[in-house]
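What follows is each chain in one-letter form.
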Amino acid sequence: MTIIAVFNQKGGVGKTTTTLNMAAALARRGTEPLSIDLDPQAHLSAIANASAATGQDSILGFYKELKSLSELVHETPMGAHIIPSHFELSKVDSLFGKGPKVVNRLKVGIQEEMLEQDGMPILIDCCPMLGVLSLNAIFASTKVLVRISTDYLALKGATQLERTLKALEHVIKKRVARRYVITRFDARRKLSWELLAQLRERFGDELCETRIAENVSLTESPAYNRDIFTHAPHSQGAKDYEFLVEELISHGFI
Ligand SMILES: Nc1ncnc2c1ncn2[C@@H]1O[C@H](COP(=O)(O)OP(=O)(O)O)[C@@H](O)[C@H]1O
Ligand SMILES: [Mg+2]
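Analysis parameters
Residues numbered from 1 in each chain as written. Chains lettered and ligands numbered in written order. Predicted model: local features only at pLDDT ≥ 70, side-chain atom pairs only at ≥ 80, totals over all residues. Heavy atoms only, no water. Phe/Tyr/Trp six-rings, centres within 6.5 Å; stacked < 30°, edge-to-face > 60°. Helix = DSSP H or I, 4+ residues; strand = E, 2+ residues; numbered from the N terminus. Buried < 20%, exposed > 50% of the residue type's maximum accessible area, 1.4 Å probe, protein only. Expected span 1.5 Å × (residues − 1). Contact = heavy atoms within 4.5 Å.

A.B. asks: Is there a simple way to explain the packing of aromatic side chains in this structure?
C.D. replies: Two descriptors summarise a pair of aromatic rings, namely the distance from one centre to the other and the angle between the planes of the rings. Counted by the stated rule, this structure contains three aromatic pairs. Ring centres of tyrosine 180 and phenylalanine 203 lie 3.7 Å apart, and the angle between their planes is 15°; on these two criteria the pair is classed as stacked. In this pair, tyrosine 180 is assigned in strand E7 (residues 177–185) and phenylalanine 203 in helix H9 (residues 190–203), connecting sequence segments 23 residues apart. Accessibility expressed as a relative area gives 1% for tyrosine 180, which makes it buried. Take phenylalanine 203: its relative accessible area is 6%, and that puts it in the buried class. Taken together, a centroid distance of 5.0 Å and an interplanar angle of 90° make the contact between phenylalanine 185 and tryptophan 193 edge-to-face.

A.B. asks: Explanation requested: helix H12 (residues 236–250) in the structure shown.
C.D. replies: A turn of α-helix holds 3.6 residues, and therefore any two residues three or four places apart point the same way. Over its 15 residues, H12 extends 21 Å from the first C-alpha to the last, a length consistent with the 21 Å expected when each residue adds 1.5 Å. Looking only at H12, the buried set comprises Gly237, Ala238, Asp240, Tyr241, Leu244, Val245, Glu247 and Leu248. Against the buried residues of H12 lie helix H1 (15–28), strand E6 (143–149), E7, strand E8 (207–213), helix H10 (216–220) and helix H11 (228–231). Once H12 finishes, glycine 252 follows within two positions and takes phi at roughly 75°, a positive value.

The values are spatial; any link to function lies outside them.
Here it is as structure tokens:
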């Protein structure tokens, strides 16, 4: 079973955009993925028209042991399934602490309930904070997809990320398979190419060949509650996400 955490400890780097459009690309291939919104900002749930009415109807209901994961799954018009989030999810740390039971909760839930749906990829949209929710995502996932932007802070961010992942791996005692994806790439800027060369050197084969370009249709599509393939099927954004999923499948990552 492929469980991918879409991760970066920074906000605004395109995690939600990636989860949304990768799920849509997979659904178009007939795989029916499940997305889990693990960010209290609940942007993915809102874009997918699957907002939870109360905290209990969101993944928080699972943490409170009121609902099973399967009971929380919504169908979306985009063809992907989603378990929504809710702003009350931000209380998880204060409600349940940081013990081993709570940090492994999602992993155990998926193992108990969803293992028989073997071919179904699961994508987890992570929140930017490094608390219990991010730990849940990393512990539950079999793979991590890290978003990297090509701004001037890219290398600094990448160093922090490697450090974070190392610290987490020290706890779970294994190296999590990962791919780094460059997002919001602006080919007109010289700096983008310089940073690309440095990131290639640093991450080698773990850096995806596909880069997601800066694309206005990707900025617009959430406002219309659409994935990029419905909103602008011929845009560069649609092509990039199609290529990304193709690449990840051909390398056995999905
Ligand atoms: N490749 C892109 N080109 C243009 N805008 C993008 C791109 N990727 C994301 N965005 C926009 O950037 C903003 C932040 O992206 P988002 O996916 O919400 O980031 P995160 O989930 O990491 O906080 C959103 O408004 C989104 O529409
Ligand atoms: Mg987000």
